[in-house]
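# What the coordinates show
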Amino acid sequence: MVESNITLDATNVISILNDSAVSVTDLGGTDHAVAFTEIESVAECLLVGVETTCNCSAGYTFSNEVCYSESSNYSCCSDITCTKNVSYITPLCIRKVPVFINGSVSIAWTQDAQDKLETKFKTLNGFKSLERLGDIFAFNVSLDVIFETARLQEVINTMQTELAAYIHVDTTGLVMIEHPQCKVKYQSNVVLRCMFNEATDNAGWNMSTETQRFELNEGSVVKLNRDCVSATMLSCVEVKLAQVTGAWQGTYECGFTKGSVRHRASAYLTVARLPDTIQVTSVPITGDCSEKETTDLIPFTVTATILKTNSTYTFTSQHNNVPIDVPTKIVPDAGKKFCQEESSDGVKWPNTPTDDTVIDRTCELGRVGYKSRTCKGTTWDSVFNLCVDEKLAEISNAADDFLKGLGATESVALDIFSGLTNSTSGSTGDGDNIADLTASIGVLDIMAKASNNVPLGEKILPNFVNAASNMLNKTWTQVNDTVVHKMSSNYLESLEGLVKNINVNMSNSSPNYSTSNLDLKYCSGENCNVEVFNISVYVNKSNGLMKTVGVKHLMHKLRNTFMNSKITDLLVSATTNSSSSHIKMRFPATAEKKENPHCVFWDTESRNWNNTGCKVVREANGSGVFCECNHLTSFSVLMARGDVSSPALDIITYVGLAVSIVSLIIFLIIEYLVWSAVVKTKLSHYRHTCMVNIAFFLLLADISFLASIEPSILSADMCLALTVCKHLFFTVKFSWMLCLSSMLVHQLIFVFNPLRKKVFMYFSSLVGYMFPIVIVGSSYIYYKYTGKDYYNPDTCWLTYERLLVGSLHSFLLPIGTILLTNIFSMGVVVMTLLKSSQNDSSKGDEKDTARSIIKVILVLAPVFGVTWSFGFCLVVFDETNGGYQVFNYIFTIVNSFQGLFVLLTGFMAEQKVKDELRKIVFGNKGSSDSTKNLTSTMYTKDK
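Definitions and limits used
Residues numbered from 1 in each chain as written. Predicted model: local features only at pLDDT ≥ 70, side-chain atom pairs only at ≥ 80, totals over all residues. Heavy atoms only, no water. Helix = DSSP H or I, 4+ residues; strand = E, 2+ residues; numbered from the N terminus. Buried < 20%, exposed > 50% of the residue type's maximum accessible area, 1.4 Å probe, protein only. Contact = heavy atoms within 4.5 Å. Pairing = 2+ DSSP bridges. Axes fitted to C-alpha atoms, helices over the stretch in contact; angles between N-to-C directions. Disulfide = S-S within 2.5 Å. Salt bridge = Lys/Arg side-chain N within 4 Å of Asp/Glu carboxyl O. Patch = residues over 30% accessible without salt bridge, like charges linked within 9 Å, V, L, I, M, F, W, Y side chains within 5 Å. Areas by Shrake-Rupley, 256 points an atom, 1.4 Å probe, with all protein chains shown as cover. Phe/Tyr/Trp six-rings, centres within 6.5 Å; stacked < 30°, edge-to-face > 60°. Lys NZ or Arg CZ within 6 Å of the ring centre and 35° of its normal. Core = buried A, V, L, I, M, F, W, Y, C linked by side-chain atoms within 4.5 Å. Parallel < 35°, antiparallel > 145°, perpendicular 65-115°, else oblique. Left-handed = near helix turned anticlockwise from the far one by under 90°. Nonpolar A, V, L, I, M, F, W, Y, C, P; charged D, E, K, R; others polar. Lys, Arg positive; Asp, Glu negative; His and termini not counted. Charge placed at Lys NZ, Arg CZ, Asp CG, Glu CD.

### Regarding the overall build of the chain
Broken down by element type, the chain carries 19 helices and 43 strands. Counting every position in the chain, which comprises 943 residues, the buried fraction comes to 44%. Taking as baseline every contact in the chain between residues at least 6 positions apart, the subset at least 24 positions apart corresponds to 65%.

Below you can see the structure in the form of structure tokens.
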């Protein structure tokens, strides 16, 4: 600001700055020298007495702060001379920015309407003009200043009231867009970003070509990011494109919506194009030179066809020392096997060498694709027809675009499923085209994957269910069983994925969609009970939504190698988004009463049936078969070939593990307190060392098992970690049991050669620690690098397929060997007691001997792990065997409470420990020797 009593020329004033040294001080107090690169006058105000005149320089206009200030009475806007004292307002003038408002009205255009619109839009700062466009409803407003959306919204609201019409507007010039300025590389990654200086309601991207316009959404190519805001730009939306091809060349438009106003910006993306599809054909398809001289040439006509585009390509052909890659086959000599030329379905299949496949790209009118045929030996295989209906091919291409994120909206999904319904509603029978069926299943598969990124509503359900049902009306012939198994598995997985991801509104009613082959029903609430195709499905859950679909005519198409079982016609798929995973189903009674039913689920990894976590309960009156499936594990799963849990076994397991964990903690505390007092001899040191290790690793194993009791809530990594922990800790526990039994047998047999402490510690460390680590580590590495399953995610335990196949055997075989060794050791102890009784000159009482033997068995059985022998009955016996459940309960009970048995053996049955603990607790220095140490009964007859 220059104050003077004479009129000055602004250009003369600012020219002084050219030669001035200017410095500025930053917030930190540091001075910086500033050099001007450009100096110009932005505004000029002349104040003479009480009169003021302010003008903006060329290319500048009054700011919004001046235009809408009270001191100017809201009159100093645009390029007019302002006579109000606004010189103190900052910024006074701002550079002009071209801004456009594109609008339309819902009433016929009249001069009166135009005058009212123009009058109201003039209240916006920087207004230049309002122009009516060719459309009788459209107009364009040009301004020079960036404005706030609230002021434009106020204008729109007022005009809608005055004109009694709806006004739609969007703006350009307010949004800043960042995009590649030059042509991007083919299959490169591209980022486009739009920013706006106001907070908005929502934002998005569109992409347009010369013929189509698509909304961009999350997909395999498109990734949207709305978290790119900054301190100056309150709204941001970014689109990332992966591996772009020529199909992604076009105009990209971003938009921010606030109220009824949309602010947008656009940019053109140019991609270095290559043809996405080139069809190469040759006539003839193959060349036969078996009856020609080696110097003879066989003429070929090669045609390369690029699908119609608006781009120009340059094709260069070279043949000197550079082979052209065309699908031609030359029969080298008459001595090699080949298939003779023949015609089939109007296609001429030429002489072709064995194991070669000939492709013919001529399809019937209205179809696109190809036909292929392979020569096996000297016999032609059947023709593999992949000529797909043109309309179905278009649907498949639209689904591909949808998966990429191009036009991924619910309305487009509705069009895809509507077209799929029409394409699959043809006649049924042996005349079905397998190419159309394969393409239709492919569309389901693509849309199921896309539904993970794009929310789909229930509007698409009728067309989806009808299309999927129509596919099951087909015979699925013309291909071998391997192809049918793959197609049916893809169909089932796609069906389940779509049913799971499609959102439904349960506020009004429970939507049901039924066709001849599919019966889809929904249920919400705590206790859901629905019926599909006479199959009752019940889920006990706390909240969420259950989706159930019954399927006909699919079972016989799916692969089935489960226990040589016979298939039924009905399949039920039930999903729920609640934490509960316990599902009950009642199937109608089978015709054959002697048949043994199995409740199974479809394993998507092995693509076969699996019964893990499911069990069968047949009704007594034979009116049906009850199936119960869950992923809760009982203790017996450690030895069983699968999940054989039941509510009763689960309760026993929970209670037993809780008691065992508490007992083992108590035992370890006692050992810590009495260790120095009771461990005074080598024998006591050996025994207590083994017992502490057994108790410690049994405690870790029980905790790991308890942590994996509900695998459905665990991640895959956590489930694997707990499986490894259980495998290792149980194996270590058994290894120390082996150390204990070996030590005892050595003491009995080599009475006059006591075991040296150094030898015992070396042996026990090797057997107790190294042996389990090697077993578990080698087992994990083997299954990881052979691609086989080390663990079952449904149980968080090792896998069992059949005898000697499955990682469970890396647990069963070492444990079985240790158990046999320990049982032999216990037998040696019993035989020693009997021999001692026979040699007793005092003729000991036979009852005392029997009592001693019983004591030995009761004491040694838990610490030698003999109770685990009941678990091997679960492996040997079939689940239908009457004794299976008996051994299952015995095994669960005795081993769930094993920690309690260890406490009783190590504390209650050893007098020295009890006496020392009594001293610690009660301060009693006396001790009773009237009771013999129970440990001595292991190898000495009570006198």
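The discussion continues.
### Structural notes on the sheet that holds strand 31 (residues 512-514)
One open sheet holds the four strands; their spatial order is 31-32-35-36, and the pairing between them is antiparallel. One side of each edge strand has no neighbouring strand; the edge strands of this open sheet are strand 31 and strand 36 (570-576). Averaged over all pairs of adjacent strands, the angle between strand axes in this sheet comes to 15 degrees, irrespective of strand direction. In the sheet, strand 32 (residues 518-524) pairs with strand 35 (residues 545-552) via seven bridges, with the strands oriented antiparallel. Considered in strand 35, the bridge of Cys 523 is made with Met 546. Against the sheet, helix 8 (residues 461-472) touches strand 31, strand 32 and strand 35, its axis set at about 140 degrees to strand 32.

### A few points about the state of the cysteines
Between two cysteines, a covalent bond joining their sulfur atoms is known as a disulfide. By the definition in use, this model includes 10 disulfides. What pairs with Cys 228 in a disulfide is Cys 236, and their sulfur atoms sit 1.8 Å apart. The S-S bond linking Cys 228 to Cys 236 shows a torsion near -100 degrees; that makes this disulfide left-handed. Residue classification places Cys 236 among the buried positions, given a relative accessible area of 4%.

### A closer look at the side chain of Asn 501
Mapped onto the fold, Asn 501 is located in helix 9 (residues 481-501). Contacts of Asn 501, omitting those with residues within four sequence positions, involve Ala 448, Ser 451, Asn 452, Leu 456 and Lys 547.

### Topic: the pattern of salt bridges
Scanning the entire structure with this criterion turns up 20 salt bridges. A salt bridge links Lys 240 to Glu 238; the shortest N-O distance between them is 3.9 Å. Among the ionic pairs, Arg 373 bridges to Glu 342, the shortest N-O distance being 2.7 Å. Remark: Glu 342 occurs in strand 24 (residues 342-344) and Arg 373 occurs in strand 28 (residues 367-376); sequence separation between them is 31 residues. Given the relative accessible area of 31%, Glu 342 is considered partly exposed. Sharing partners across several salt bridges, the network here consists of Asp 170, Arg 213, Glu 253, Arg 262 and Arg 264.

### Describing a nonpolar patch on the surface
A cluster of nonpolar side chains, Ile 665, Ile 669, Tyr 672, Leu 673, Ile 920, Val 921 and Phe 922, forms an exposed patch at the surface whose accessible area comes to about 760 Å². Of all the secondary-structure elements, those providing two or more residues to the nonpolar patch are helix 10 (647-678) and helix 19 (911-922). It is helix 10 that contributes the most residues to the nonpolar patch, four residues altogether. The topology assignment puts Leu 673 in helix 10.

### Topic: the packing of aromatic side chains
Counted under the stated rule, the structure contains 16 aromatic pairs. Judged by centre distance (6.5 Å) and plane angle (75 degrees), the ring pair of Phe 730 and Phe 811 falls under edge-to-face. Taken together, the positions of Phe 730 in helix 12 (residues 716-749) and Phe 811 in helix 14 (residues 809-838) put the pair 81 residues apart, joining distant regions of the chain. A single burial state applies to Phe 730 and to Phe 811, both of which are buried. An aromatic cluster of three or more residues is present, and its members are Phe 696, Phe 697, Phe 729, Trp 736 and Tyr 769. Lying over the aromatic face of Tyr 68, Arg 151 brings its terminal NZ or CZ to 3.6 Å of the ring centre. In this arrangement the basic side chain of Lys 552 is found over the ring face of Phe 533, its NZ or CZ atom lying 4.5 Å from the centre.

### Focus on the nonpolar core
Burial of nonpolar side chains together is a common tendency in soluble globular proteins. Membership of the largest hydrophobic core comes to 61 residues, with the highest contact counts inside it found for Ile 670, Phe 734, Leu 740, Phe 811, Leu 860, Phe 864 and Trp 868. Ile 670 has contacts with Leu 903, Phe 907, Val 913 and Leu 917, leaving out every residue within four places of it along the chain. The next biggest cluster of nonpolar side chains, apart from the first, holds 58 residues, and it includes Leu 461, Val 465, Leu 492 and Tyr 513.

### Quick notes on the packing of helix 11 (residues 682-707) against helix 13 (residues 757-785)
How two helices sit against one another is set out by the angle between their axes and by the gap between those axes. Packing of helix 11 against helix 13 brings their axes to within 11 Å, and their N-to-C directions diverge by 15 degrees. With respect to their mutual orientation, helix 11 and helix 13 come out roughly parallel. For the pair helix 11 and helix 13, the sense of crossing is right-handed. Within the contact between the two elements, helix 11 uses His 685, Tyr 686, Cys 690, Asn 693 and Phe 697 and helix 13 uses Lys 757, Phe 760, Met 761 and Tyr 769. Among the residues making up the contact of helix 11 with helix 13, the classes are represented as six nonpolar, two polar and one charged.

### Here we look at a positive patch on the surface
On the surface, a cluster of positive charge is made up of Lys 682, Arg 756, Lys 757 and Lys 758. Relative to the elements of secondary structure, Lys 757 occurs in helix 13.

### Overview of the packing of helix 5 (residues 390-404) against helix 6 (residues 410-424)
Contact geometry for helix 5 and helix 6: axes closest at 10 Å, N-to-C directions at 155 degrees. What the angle tells us is that helix 5 and helix 6 run roughly antiparallel. The element helix 5 and its partner helix 6 pack so that their crossing is left-handed. Of helix 6, the residues touching helix 5 (which contributes Leu 392, Ile 395, Ala 398, Ala 399 and Phe 402) are Val 412, Ala 413, Ile 416, Gly 419, Leu 420 and Ser 423. Classifying every residue of the contact of helix 5 with helix 6 by side-chain character gives nine nonpolar, two polar and no charged.

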